[in-house]
Amino acid sequence: MNELFTEAETARQKIALGEKPKWKVDAKKILTAAATEPEKVASPEYKAFAASYLESLKMLKKCSPAEAPERFKMLAMACMNCHNALCPGPRKRIQKLF
Ligand code: HEC
């Protein structure tokens, strides 16, 4: 998660400069992320949020630079949606992505 956060933060800055962000973290790891509370990530709810996150990331990766700011917002929303439902703690940090 911390990797995801750092990468999203870097991408936000790149997009603000009109550059194409690089995505190095294997985002699919989110599906199997080792959590401090494993039962949380095993739930169908978690898997649904994770799938929607991966979908937003895919859209962001293939969109044009002009669309990137909007797509990035959708990605950050996907972070936030899962956190609203399952893990409210880091929401303050995620809010910084907007
Ligand atoms: C599918 C649900 C889900 C999505 C999507 C998601 N997270 Fe998380 N996140 C979690 C859960 C659950 C935890 C708590 C992890 C644990 O229990 O170890 C967490 C933890 C975190 C933490 C705290 C990490 C730590 O070690 O203190 C941060 C920061 C974070 N997420 C940021 C993000 C960002 C940024 C995104 C989008 C790029 C994102 N998350 C997307 C579920 C999600």
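Structure: see above.
Residues numbered from 1 in each chain as written. Predicted model: local features only at pLDDT ≥ 70, side-chain atom pairs only at ≥ 80, totals over all residues. Heavy atoms only, no water.

A. Up close: the coordination of the iron atom of the ligand. Donor atoms from the polypeptide that coordinate the iron atom of the ligand comprise M1 (SD) and H83 (NE2), at 1.9 to 2.3 Å from the metal. Here the iron atom of the ligand is ringed by 6 donor atoms whose angles at the metal span 85 to 179°, and the overall shape comes out octahedral. Highlighted residues: M1 in the segment before α1 (2-16) and H83 in helix α4 (residues 68-86), separated in sequence by 82 residues. For H83, a relative accessible area of 11% translates into the label buried. (Donors = N, O, S within 2.8 Å, 3.2 Å for Na, K, Ca; no water. Tetrahedral: all angles 85-135°; square planar, octahedral: opposite > 155°, others 65-115°. Helix = DSSP H or I, 4+ residues; strand = E, 2+ residues; numbered from the N terminus. Buried < 20%, exposed > 50% of the residue type's maximum accessible area, 1.4 Å probe, protein only.)

B. Expanded view of the environment of L57. Mapped onto the secondary structure, L57 falls in helix α3 (residues 44-62). According to the relative accessible area criterion, L57 is buried, its value standing at 4%. For L57 and A76, which are 19 residues apart along the polypeptide, the C-alpha to C-alpha distance reads 9.5 Å. Not counting residues up to four positions away in its chain, the partners in contact with L57 are W23, A27 and L75. (Contact = heavy atoms within 4.5 Å.)

C. How the structure looks around the site of the ligand. Taken together, 20 residues lie around the ligand, and M1, T36, C79, C82 and H83 are the ones closest in. The contact in question runs from an oxygen atom of the ligand to an N or O atom on the side chain of N2, over 3.1 Å. Interatomic distance of 2.7 Å between a side-chain N/O atom of H83 and a nitrogen atom of the ligand. Elements with a minimum of two residues in the shell around the ligand: α1, α3, α4 and α5 (91-95). A per-class count over the shell around the ligand returns 15 nonpolar, 3 polar and 2 charged. (Near = heavy atom within 4 Å. Polar contact = N/O pair within 3.5 Å; in protein donor to acceptor, adjacent residues only side chain to side chain. Nonpolar A, V, L, I, M, F, W, Y, C, P; charged D, E, K, R; others polar.)

Nothing here speaks to function; it is all geometry.
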